[in-house]
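# Working through the structure, step by step
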Amino acid sequence: MASVKLYLDTRTKKKNGTSPLKLGINHRNKRVLLNINISLSSEQWDSVNNKIVAHPHRQVLNSFIAQIVADVNIRILELIRSGEIDRMSSHAIKNYFLSAIRVSNTEDEEINNDLFVDYFKKFVESKKGRTKEIYAATLNKIRSYIGENPIKFEDINKSWLQRFESYMEESVPSVNGRGVHLRNIRAVFNDAIDNDVTMAYPFRKFKIQKAATAKRAITAEQLVQLMDFDCDKHQEKYRDFFMLIFYLIGINIIDLCNLKKEQLVNGRIEYIRAKTHKLYSIKVEPEAQSIIDKYKGDEYLLNILDRYKNYKDFAKRMNNNLRSIGNVEMGKHGAKTISPILPFITTYTARHSWATIAHKIGVSKDVISMALGHSFGNRTTDIYIDYDSEKIDVANRRVIDFINQIKNKKATHNS
């Protein structure tokens, strides 16, 4: 049976007195040592408990080596089950694990957790989905700005942040867009402070700017106009899905696409929101059910992912088609000119519009906040407030009835 153990290789000390920490793999007289790019003094390594002690970054480093050991153990089990490890030479085993766990076997490429980019990279890897992509975009901006120059947490001060913000002005013209990257940097600093990596915190003096944004909601009358508009056949499904988002209290597009059939239980859709990881339970009103029935999926509740590569592809097509719904004028040589009725509409518009209309008809802000999954008041108060689905159900029915009343009045007036 193979065994995995960490060793502090004191045979090869560096000039600063530290020695490389190595991972040993033993299997039937085959012994492999992997350099995992961490150097420690003898006082910083507890060989009995296999953990780093008395090191300023011990929490981060211990987490790092625990992940490597767990990964190696899983891969060893896979190799044993397949019988492949018995056919591998020591050299082959070493190369396999060096590649698998993505560490270097050279002393010159040691991981330095003092370096901001190294820590940021680990922070990105701990995230998932869209959140991971957003942080990765910030990391790419930082790398583009600093080039090959190493930078520590302590190097990033108010002046550095001001220069970085100026650097981003060309590629990120929006104040709020630049603010996203700066808040991501702040989040990494907060995480590093929590893990005793640094005491530096430049955001005490540097304030992230925020510009007022245009409201993304449309009025109830505009919503009815969209519902009644004589659009092209291929645009109808995008309008239907927009209305489904509205009827489901602004469900996020990623959550809508990933709903499974079994998540529709007793007339309610129950799911964990991808962004917040909170549980949602939404009553499916008849207006929503008719759209669900129209677009039934094979594996999923809806057929979106049966026809599109992923939710992003669908969302992009949906936004483009919604914005192209409008009056069409034919020009010379058959050229079309479109005057969209809602040129800035997106999937998010449904969520914002539900909240705006709910507020207009007298739904309390607390109920609107609960319906959207927002916190209200302070966090401590939030703990003692029950998630009241009945109030949310009543609010959603009121919003839909209000829209239907406007739609019916319009139909009566035009008849």
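Report follows, based on the coordinates. Along each chain, residues carry numbers from 1 onward, in the same order as the chain's sequence is written. Reporting in this predicted model follows two pLDDT cut-offs: at least 70 for local features of residues, and 80 or more for side-chain atom pairs to be given and counted; totals over whole chains, interfaces and linings ignore these cut-offs and use all residues. Side-chain calculation: all heavy atoms of the structure are included, whereas hydrogens and water are not.

For patches, a residue must show more than 30% relative accessible area and have no salt bridge; joins then use 9 Å for like charges and 5 Å for nonpolar side chains, namely Val, Leu, Ile, Met, Phe, Trp and Tyr. In short, Shrake-Rupley with a 1.4 Å probe defines the accessible areas, and a residue's cover is counted only from the protein chains shown. By definition, a salt bridge exists where a carboxyl oxygen of Asp or Glu is found within 4 Å of a side-chain nitrogen of Lys or Arg. Counting rule for charge: Lys and Arg are taken as positive, Asp and Glu as negative, and neither His nor the chain ends is counted. In this description, the location of a charge corresponds to atom NZ of lysine, CZ of arginine, CG of aspartate or CD of glutamate. Residues Arg183, Arg186, Lys207 and Lys210 make up a contiguous surface patch of positive charge. Put simply, DSSP marks the helices as runs of H or I at least four residues long and the strands as runs of E at least two long, and each gets a number from the N terminus on. Within the secondary structure, lysine 210 is located in the loop between helix H7 (175–194) and helix H8 (220–228). To sort residues, take the accessible area from a 1.4 Å probe on protein chains only and compare it with the maximum for the residue type: under 20% means buried, over 50% means exposed, and anything in between is partly exposed. The exposure class of lysine 210 is exposed, given its relative accessible area of 72%.

As enumerated under the stated definition, the model contains 14 salt bridges in all. As a salt-bridge pair, lysine 312 and glutamate 133 come within 2.4 Å of each other at their nearest N and O atoms. Of this pair, lysine 312 sits in helix H13 (residues 311–323) while glutamate 133 sits in helix H5 (residues 129–146), and the two are 179 residues apart along the sequence. For glutamate 133, a relative accessible area of 33% gives the class partly exposed. Taking the shortest distance from any N to any O, the salt bridge between lysine 410 and aspartate 228 comes out at 3.7 Å. Here lysine 410 is found in helix H17 (residues 389–414), whereas its partner aspartate 228 is found in helix H8, with 182 residues between them in sequence. For aspartate 228, a relative accessible area of 34% puts it in the partly exposed group.

The next point concerns unusual backbone geometry. Where the residue is not glycine, phi is negative for most of them; where a peptide bond is considered, it is trans in most cases. We note that asparagine 37 has phi near 65°; this positive angle belongs to a residue other than glycine. Tracing the backbone shows asparagine 37 in strand S3 (residues 30–40). A positive phi angle, close to 55°, is found at asparagine 50, a residue other than glycine. Looking at where asparagine 50 falls in the secondary structure, it is placed in the loop between strand S4 (45–46) and strand S5 (51–52). Taking the relative accessible area as the measure of exposure, asparagine 50 reaches 30% and is therefore partly exposed.

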